[in-house]
Amino acid sequence: PLVALIMAGGTGTRLYPASRSDRPKQFLSLLGDDSLLCETVERAGFADEIFVCTGKEHADLVRKHVPEVGVLVEPEPKDTGPALAYATHRIREQVGDCVLLCLPSDHHIAGDFETTARRAALVAVETEGVVTVGIEPTRSATGYGYIEPGADYGGHFDVAQFREKPDAGTAEQFVKDGFYWNAGLFAWTPSAFLREARDSPLSPLVSALEDGAPTLGFDRVESVSVDYAVMERTNDAYVVPAKFEWDDLGSWDALERLVSGENTVLGDALTIDATGNVVASDKHVSLVGVDDLVVASYDDRVLVVPKSDAQRVREVVSKLRAED
Ligand code: GDD
Ligand code: MG
């Protein structure tokens, strides 16, 4: 069977203050009526079974948003590497032999998703490798993984090199050299992924899972994303180019690419002599004579930052957490 595994344990700090620890971005409906998580579940509707993996603090929110799917609760939030090893192992126990399609829940996707996803799953079965989906880059973003395509197997490619979140100069070179962005959307059989994970920083967790001691495994494993832990290291990866429209809703400036207008407004705003601003608010906002700002305000919180520094919202959230 084809099993969709949706990753929904992230915190989405760069979308503060819409995204808060009790309401991370996958539970927000910034652009449509449905939350990103609901949209992801709908998009995966062609799978035979759907699971969502998340941490303890968000399990109830997941059950409320998407009561129809199975929820796998990882013992500790340690990024996508441990989460995927845990979920892959649990699904193999529950479902048996299958092919997994691992989907992030923080993306905007439009167009024909199913064709690419099914193709990735097929390649995963045929190659017994780990398969990722590649997006043609439109700028030299530093927040993504980059994939150098190697040998062409007629529509999918060997991964010659995988580099997670390179610096700006390297990213620019990668774009010139025809690399893909990693969509963060993977396909594998449980045996293929656990084989690769065993030979990675995830190995203490994989051994503990096999011994039936997941909690011990999470104590022993470091926090690491699947991109660093497995994708950068494996020699057995393939990339399937995406045939759909894709955007990562990672930070406030991303909204600009998805909403048109002189200013990008979610909510209600009055702008006078103001252009290039991103306004997202549950209150009425007025901007006069300012350009290229992010103004985001939800509940009792207000954030103002130059659009070019939208990634630095992370710093706000870590300061606030440290003061807690
Ligand atoms: N269950 C669980 N546990 N899910 C998690 C955890 C965790 O500890 N941490 C993150 N997630 C979920 C997020 O909710 C999101 O849906 C997905 O996993 C990806 O995590 P992000 O934290 O958003 O990763 P990223 O955007 O920095 O980078 C990844 O995605 C890029 C494309 O958007 C990488 O795969 C990059 O290589 C890729 O380009
Ligand atoms: Mg992301």
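Everything numeric in this text was worked out from a predicted model, so none of it was measured.

Student: Lay out the overall build of the chain with the relevant residues and their values.
Tutor: For the chain, the count of helices and strands is 11 helices and 15 strands. Dimensions of the chain, computed from the C-alpha atoms along their principal axes, are close to 60 × 40 × 35 Å. When the 324 residues of the chain are sorted by exposure, 45% land in the buried category. Considering only contacts in the chain between residues 6 or more positions apart, those separated by 24 or more positions represent 63%.

Student: Give a detailed account of the packing of helix 3 (residues 80-95) against helix 7 (residues 203-210), specifying residues and quantitative values.
Tutor: In helix packing, the relevant descriptors are the interaxial angle and the interaxial distance, both defined with respect to the helix axes. One way to put it is that helix 3 packs onto helix 7 with a least axis distance of 10 Å and a crossing angle of 25 degrees. Classed by the angle they form, the pair helix 3 and helix 7 counts as roughly parallel. Helix 3 and helix 7 meet at a crossing whose hand is right-handed. Across from P82, A85, Y86 and H89 in helix 3, the residues of helix 7 making contact are L205, V206 and L209. Residues belonging to the contact of helix 3 with helix 7 are distributed by class as follows: six nonpolar, one polar and no charged.

Student: Tell me about the domain arrangement of the chain, and please be specific about residues and values.
Tutor: Interface size is commonly expressed as the accessible area that is lost once the parts come together. Taken as a whole, the chain is organised into domain 1 (2-250) and domain 2 (253-323). If you average the C-alpha positions of domain 1 and of domain 2, the two centres end up 28 Å apart. Contacts between domain 1 and domain 2 engage 12 residues on the former and 17 residues on the latter.

Student: Please give an account of the site of ligand 1 that cites residues and values.
Tutor: Taken together, 27 residues are adjacent to ligand 1, and G9, G10, Y144, G145 and G184 come closest. The set of elements that each furnish at least two residues to the shell around ligand 1 consists of strand 2 (49-55), helix 3 and strand 9 (180-188). A per-element tally of the shell around ligand 1 places strand 9 first, with four residues. Looking at the shell around ligand 1, its residues break down into nine nonpolar, 11 polar and seven charged.

Student: Now, about the environment of V95: what can you tell me, with residues and values included?
Tutor: Checked against the element boundaries, V95 lands in helix 3. Taking the C-alpha atoms as reference points, V95 and L5, 90 residues apart in sequence, are found 12 Å from one another. Among residues more than four places away in sequence, those in contact with V95 are P1, V3 and E49.

Student: Quick rundown of the sheet that holds strand 12 (residues 264-272)? Include the residues and the values.
Tutor: In space, the four strands of this open sheet follow the order 12-13-14-15, with mixed pairing throughout. The strands lining the two open edges of the sheet, one partner per strand, are strand 12 and strand 15 (301-306). Going from strand to strand, the sheet's axes swing by 25 degrees on average, the running direction of each strand aside. As paired elements, strand 12 and strand 13 (residues 278-288) share eight bridges and run parallel to each other. Residue D268 lies in a different strand from strand 13, and its bridge partner there is H284.

Student: Just give me the short version of the nonpolar core, but keep the residues and values in it.
Tutor: The biggest cluster of nonpolar side chains holds 97 residues, and the ones touching the most others in it are L5, I6, L100, L101, A120, V131 and A187. Split by domain, the residues of this core number at least three in each of domain 1 (2-250) and domain 2 (253-323). Setting aside residues no more than four positions away along its own chain, A187 makes contact with V99, L100, L101, A120, A121, A124 and V131.

Student: An account of the packing of helix 3 against helix 6 (residues 190-198) is needed here, citing residue identities and associated values.
Tutor: Orientation of helix 3 relative to helix 6, taken along the N-to-C sense of each, is 140 degrees, at an axis distance of 10 Å. With respect to helix 6, the element helix 3 is oriented oblique. Classified by chirality, the crossing of helix 6 by helix 3 is left-handed. Here helix 3 contributes A85, T88, H89, I91 and R92 to the contact with helix 6, which in turn contributes P190, F193, L194 and A197.

Student: How would you sum up helix 7? Please name residues and give values.
Tutor: L205, V206, A208 and L209 are the residues of helix 7 that are buried. What you see down the axis of helix 7 is that its buried residues fit within an arc of 165 degrees, all on one side. Buried residues along helix 7 sit against helix 3, helix 6 and helix 8 (214-220). Where helix 7 ends, the next residue or the one after it, G212, has phi of about 70 degrees, a positive value.

Student: So what about the pairing of strand 1 (residues 2-7)? Which residues, and what values?
Tutor: Within strand 1, five of the six residues are buried, which leaves the element mostly enclosed by the surrounding structure. Pairing between strand 1 and strand 4 (residues 99-104): six bridges, direction parallel. Bridge pairing links L5 to C102 in strand 4. In this sheet, strand 2 lies alongside strand 1 in parallel orientation, the contact comprising five bridges. Across the sheet, V3 pairs through a bridge with E49, a residue of strand 2.

Conventions adopted
- Residues numbered from 1 in each chain as written.
- Chains lettered and ligands numbered in written order.
- Predicted model: local features only at pLDDT ≥ 70, side-chain atom pairs only at ≥ 80, totals over all residues.
- Helix = DSSP H or I, 4+ residues; strand = E, 2+ residues; numbered from the N terminus.
- Buried ≥ 20, exposed ≤ 12 C-beta atoms within 10 Å, placed from the backbone.
- Contact = placed C-beta atoms within 7 Å.
- Axes fitted to C-alpha atoms, helices over the stretch in contact; angles between N-to-C directions.
- Parallel < 35°, antiparallel > 145°, perpendicular 65-115°, else oblique.
- Left-handed = near helix turned anticlockwise from the far one by under 90°.
- Nonpolar A, V, L, I, M, F, W, Y, C, P; charged D, E, K, R; others polar.
- Domains from an automatic or database assignment.
- Near = placed C-beta within 6 Å.
- Pairing = 2+ DSSP bridges.
- Core = buried A, V, L, I, M, F, W, Y, C linked by C-beta atoms within 7 Å.
- Arc of directions from axis to C-beta.

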